[in-house]
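Structural characterization, general
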Amino acid sequence: MSRIFSGIQPSGELHIGNYLGAVKNWVALQGQFESIFCIVDYHAITVAYEPAALRQRRREMAVSLLASGIDPSRATLFVQSTVPEHTELQWIFNTVTPLGELERQTQFKDKSGRQESVMAGLLNYPVLQAADILLYRADSVPVGEDQLQHLELSRVVARGWNARYATDDAPYFPEPKALLTPTRRIMGLDGQGKMSKSMGNTIGLLESSDEVWAKLRPAMTDPARVRKTDPGTPEVCNIYHLHKAFSPPETVDEVARNCSTAAWGCVECKRVLHANMETELVPIRARAAELRERPADVALATGARRARATAQETIAEVKERMGLAEAAR
Ligand code: SF4
């Protein structure tokens, strides 16, 4: 069975953008691939943060992932910093990663441009990502289009290391392929850009029904629908795309028809969406409430043990090939 790896930052409770854009796909993939999913807390410390808040956000992310359907008996789920081989391999990869490749990364250019003093961790972030993936010699990585550049860097790193310490006909690290996430990018409720906590335009996956409705009701729709009698264009409306994610196909067709003929108003359309979201979110909220009662299940120790066993095998082989350990044979 081929192996996939994917990571998510410990941003606390999931919002429906990262649930639909990544985690729902992981849940589907865990039956088809040997799946390794990681809460990447080392990636979260490249910007200023509060240690107590990070601990809390890491726990909340674990609750959200498990409540969403990640099943620890079918997938390996763990926290990155509990497997120290990630940073060990990163150091090794720093020695085969061209500096120019890192400086060219769009995310580095965006983020460093907004900071007065740029830390080395921000530049080397994609090298840690390469280590995350290659430590498990994953064949594929489920990603959104915005992460393709980082994945390409992982391929560059794998090639660079293989060129020095393996042979062309027997490369040690596979060059991981992208498994593109089928759901298109979920926009924020303000319709201004990607749904993101930093933009304050999210709906939390575990928010109550009333909280969800309070956010949905004023959410941006097609600006052409000024009056209820103005016909709209569903494709330009984020609510329509949320229907596609939460509502059955016949409802999606009905939304398109009623919108383009002005047969209903946006509030009515949103009420139907809210009801369909509830169908999916009520059981997730219930599982999250149960998990909060059982902190040991959220600690992810079993996943970390399983991940570490594979990670240690990789590091042992890497160190032997690099002359960092005595040859076993
Ligand atoms: S009717 Fe629905 S799809 Fe059309 S603009 Fe309003 S909220 Fe959007």
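Nothing here was measured: the structure is a model prediction, and the numbers come from that model.

The rules we used
- Residues numbered from 1 in each chain as written.
- Predicted model: local features only at pLDDT ≥ 70, side-chain atom pairs only at ≥ 80, totals over all residues.
- Heavy atoms only, no water.
- Helix = DSSP H or I, 4+ residues; strand = E, 2+ residues; numbered from the N terminus.
- Rg over C-alpha atoms; globule rule 2.2 N^0.38 Å.
- Buried < 20%, exposed > 50% of the residue type's maximum accessible area, 1.4 Å probe, protein only.
- Contact = heavy atoms within 4.5 Å.
- Areas by Shrake-Rupley, 256 points an atom, 1.4 Å probe, with all protein chains shown as cover.
- Lys, Arg positive; Asp, Glu negative; His and termini not counted.
- Charge placed at Lys NZ, Arg CZ, Asp CG, Glu CD.
- Axes fitted to C-alpha atoms, helices over the stretch in contact; angles between N-to-C directions.
- Parallel < 35°, antiparallel > 145°, perpendicular 65-115°, else oblique.
- Left-handed = near helix turned anticlockwise from the far one by under 90°.
- Nonpolar A, V, L, I, M, F, W, Y, C, P; charged D, E, K, R; others polar.
- pLDDT = per-residue confidence, 0-100.
- Near = heavy atom within 4 Å.
- Polar contact = N/O pair within 3.5 Å; in protein donor to acceptor, adjacent residues only side chain to side chain.
- Pairing = 2+ DSSP bridges.
- Right-handed = clockwise from strand over helix to strand, strands pointing away.

It is worth spelling out the overall build of the protein chain at this point. A count of helical and extended segments in the protein chain gives 13 helices and five strands. Taking 20 Å as the expected radius of gyration for a compact globule of 329 residues, we find that the protein chain reaches 22 Å, a close match to that expectation. Projected onto its principal axes, the C-alpha positions of the protein chain cover 75 × 45 × 40 Å. When the 329 residues of the protein chain are sorted by exposure, 48% land in the buried category. By sequence separation, contacts in the protein chain at least 24 residues apart represent 77% of the contacts at least 6 residues apart. Only carbon and sulfur atoms are counted for the fraction: they give 52% of the accessible area of the protein chain, which is about 16,000 Å². Taking the 39 positively charged and 40 negatively charged side chains of the protein chain as two groups, their mean positions are separated by 2 Å.

Looking now at the side chain of Asn 276. Structurally, Asn 276 can be placed in helix α11 (residues 266-292). With residues near it in sequence (within four places) discarded, Asn 276 still touches Phe 246, Ser 247, Pro 248 and Thr 251.

Before going further, it helps to examine the packing of helix α2 (residues 51-68) against α11. Angle between the axes and distance between the axes: these two values describe a pair of packed helices. One can describe the packing of α2 onto α11 by two numbers: an axis separation of 8 Å at closest approach and a directional angle of 130 degrees. Taken together, α2 and α11 sit at an angle that is classed as oblique. At the point where α2 passes α11, the crossing takes the right-handed sense. Along the contact surface, α2 presents Glu 60, Val 63, Leu 66, Ala 67 and Ser 68, while α11 presents Ile 284, Arg 287, Ala 288, Leu 291 and Arg 292. Grouping the amino acids of the contact of α2 with α11 by side-chain chemistry returns six nonpolar, one polar and three charged.

Regions with low pLDDT should not have their predicted coordinates read in detail. In this model, the protein chain carries a mean pLDDT of 93, and residues with pLDDT of at least 70 account for 99%. Within the protein chain, the element-level pLDDT minimum falls on helix α12 (residues 295-298), averaging 81, and the maximum on helix α3 (residues 85-94), averaging 98.

Here we take up the site of the ligand. Taken together, the neighbourhood of the ligand is formed by Thr 221, Asp 222, Arg 225, Cys 237, Ile 239, Tyr 240, Val 255, Cys 259, Trp 264, Cys 266 and Cys 269. When residues of the shell around the ligand are traced back to their parent elements, those giving at least two are α9 (238-246), α10 (249-260) and α11. Counted by class, the shell around the ligand contains eight nonpolar, one polar and two charged residues.

Let us now look at the environment of Arg 225. By the secondary structure assignment, Arg 225 is in the loop between α8 (209-216) and α9. Overall, the relative accessible area of 10% leaves Arg 225 in the buried class. Sequence separation of Arg 225 and Leu 179 is 46 residues, and the distance between their C-alpha atoms is 37 Å. Here Arg 225 is in contact with Asp 230, Pro 231, Gly 232, Cys 259, Ala 262, Trp 264, Gly 265 and Cys 266, once residues within four sequence places are set aside. Within the local environment of Arg 225, its side chain forms a polar contact with the backbone oxygen of Lys 228, the two atoms lying 2.7 Å apart.

So, about the pairing of strand β2 (residues 34-39). Burial runs high along β2: five of the six residues are buried. As paired elements, strand β1 (residues 3-8) and β2 share six bridges and run parallel to each other. Of the residues in β2, the one forming a bridge with Gly 7 is Cys 38. Each parallel crossover has a hand, and the one from β1 via helix α1 (residues 16-29) to β2 is right-handed. As paired elements, β2 and strand β3 (residues 75-79) share five bridges and run parallel to each other. Following the sheet pairing, Cys 38 is matched in β3 by Phe 78.

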